[in-house]
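Per-entry structural report
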Amino acid sequence: LIYRWFGIIIILFLIVANTTISDAIVKINSDSQANLYRSLEEYREGINNIFESNFKNRSKFMLNSSSFETKIKTMFPEVESAVVVTPLAGRRLQVGLELEKPLARLNQALSNSQAVLSYSGTVVLEDDATLINEKFAQIPSISIPNITYSVGDQILTSSEAGLIRLLINEFDGSTPYRHKVKSIEFDVQKREIRVRFESVSYFAKLTPERESRVQVGALVSALKSMTEQSSLPTEYIDVRVDDRVFVK
């Protein structure tokens, strides 16, 4: 009888051990490794804090993967997708993250801090301006006057973010007329976007009120033609009006 009860206890212990979770293992998609906004340790610590915040997360039967994923994206707004996998064997939760690409460094007037916007136009990180400038030197800066925000806020609409993404992708410094985007000034009230490029003194005027590809295509075509003719703008080039390009 003693052996029988001992065997039952061992079986129950193994069942409990195999249906409980001890902690979470965090892995970041290889394509996102170059776009780390924080250290891997920060992601691990934050996700394990979420894990430990609810005792139900320790049970394979009670853990709510969808809710867990939502909490991860709330804590880390740069996370484009989070996949939580409950292991059939083993006791460690598997968490996979895919991060949005950084879009631009958001300047702040009268402040020593700076923020980072993701591809969707969301504020995903705020830190000392020097640190942001060093870590994200490869992306352009953007200025939006009279704007207030918090981390996690989407401050650009999908069309505004799409226009800026297209500009940065097309003007990457790959050809003499595709100057790399250096900085962007967005006047929300006027609906005017001014784009400044590296190595040239002129800027381009665009608007989120018109179709993005039409404007960017017109800008590329006009600059290519003017580069070939050695007659580049001295002040600006404006492609905000359909079928018209204004140059000064």
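Residues numbered from 1 in each chain as written. Predicted model: local features only at pLDDT ≥ 70, side-chain atom pairs only at ≥ 80, totals over all residues. Heavy atoms only, no water.

**Remarks on the sheet that holds strand 3 (residues 92-99)**
Here is the rule: Should DSSP find at least two bridges between two strands, the strands are regarded as paired. Each helix is a run of DSSP H or I of at least 4 residues and each strand a run of E of at least 2, with the numbering of both proceeding from the N terminus. Fitting a line to C-alpha atoms yields each axis, with helices limited to the stretch in contact; the angle taken between N-to-C directions then spans 0 to 180 degrees.
Strand order in the open sheet made by the 3 strands is 1-3-2, with mixed pairing throughout. This sheet does not close on itself; its edge strands, each paired only once, are strand 1 (23-28) and strand 2 (79-85). Strand-to-strand, the axes of this sheet are offset by a mean angle of 25 degrees, without reference to chain direction. Here strand 2 pairs with strand 3 via 6 bridges, running antiparallel.

**Regarding the packing of helix 2 (residues 40-52) against helix 3 (residues 65-75)**
The criterion, for reference: Angles are sorted into four bins: roughly parallel if under 35 degrees, roughly antiparallel if over 145, roughly perpendicular if 65 to 115, and oblique for all others. Crossing handedness is read from the near helix: turned anticlockwise from the far helix by less than a right angle, it gives a left-handed crossing, and turned clockwise, a right-handed one. Contact criterion: two residues are considered in contact whenever any of their non-hydrogen atoms come within 4.5 Å of each other. By the convention adopted, Pro, Cys, Tyr, Trp, Phe, Met, Ile, Leu, Val and Ala count as nonpolar, Lys, Arg, Asp and Glu as charged, and the other residues, Gly among them, as polar.
Where helix 2 meets helix 3, the axes come as close as 10 Å, and the angle between the chain directions of the two elements is 135 degrees. Accordingly, the angle class assigned to the pair helix 2 and helix 3 is oblique. Both helix 2 and helix 3 take part in a crossing whose hand is right-handed. Residues Gly 46, Ile 47, Ile 50 and Phe 51 of helix 2 form the contact with helix 3, whose own contacting residues are Phe 68, Lys 71, Ile 72 and Met 75. Tallied by class, the residues present in the contact of helix 2 with helix 3 amount to 6 nonpolar, 1 polar and 1 charged.

**Remarks on the packing of aromatic side chains**
Each pair of aromatic rings is reported with the distance of its centres and the angle of its planes. What counts is decided by this rule: Pairing of aromatic side chains requires ring centres within 6.5 Å, counting the rings of Phe and Tyr and the six-membered ring of Trp. Pairs whose planes differ by under 30 degrees are stacked, by over 60 edge-to-face, and all others tilted. The cut-offs for exposure are 20% and 50% of the maximum accessible area for each residue type, with area from a 1.4 Å probe on protein chains only; residues under the lower value are buried, those over the upper are exposed, and the others partly exposed. We call a charge positioned over a ring when the NZ of a Lys or the CZ of an Arg lies within 6 Å of the ring centre and within 35 degrees of the ring normal.
If you walk through the whole model with that rule in mind, you get 5 aromatic pairs. Each ring, one from Tyr 37 and one from Phe 136, has its centre 5.8 Å from the other, and the planes form 35 degrees; the classification is tilted. Linking Tyr 37 in the loop between strand 1 and helix 2 with Phe 136 in the loop between helix 4 (129-135) and strand 7 (141-143), this pair joins segments that are 99 residues apart in sequence. An identical accessibility class is assigned to Tyr 37 and Phe 136; each is buried. Feature note: the residues Phe 171, Phe 197 and Tyr 202 constitute an aromatic cluster, connected by ring pairs. Of note, Lys 205 hangs over the ring of Tyr 236, and the distance from its end group to the ring centre comes to 4.2 Å.

**Let's talk about the sheet that holds strand 4 (residues 102-106)**
The strand order 6-5-4-7-8-9-10-11-12 describes an open sheet built from 9 strands, whose pairing is mixed. Looking at the sheet topology across the chains shown, the edges are occupied by strand 6 (123-128) and strand 12 (246-247). Here strand 4 runs beside strand 7; their pairing, made up of 2 bridges, is parallel. For Arg 105, the partnering residue across the bridge sits in strand 7 and is Ser 141. Sheet strands in contact with helix 5 (residues 158-170) are strand 4, strand 7, strand 8 (181-187), strand 9 (192-197) and strand 10 (203-206), and its direction is about 160 degrees off that of strand 8.

**Observations regarding unusual backbone geometry**
Positive phi, close to 60 degrees, is recorded for Asn 146, a residue that is not glycine. With respect to the helices and strands, the residue Asn 146 is situated in the loop between strand 7 and helix 5. Residue classification places Asn 146 among the exposed residues on the basis of a relative accessible area of 81%. Of note, Ser 199 is a non-glycine position whose phi angle comes to about 75 degrees, a positive value. Mapping Ser 199 onto the fold places it in the loop between strand 9 and strand 10. A relative accessible area of 80% means that Ser 199 is categorised as exposed.

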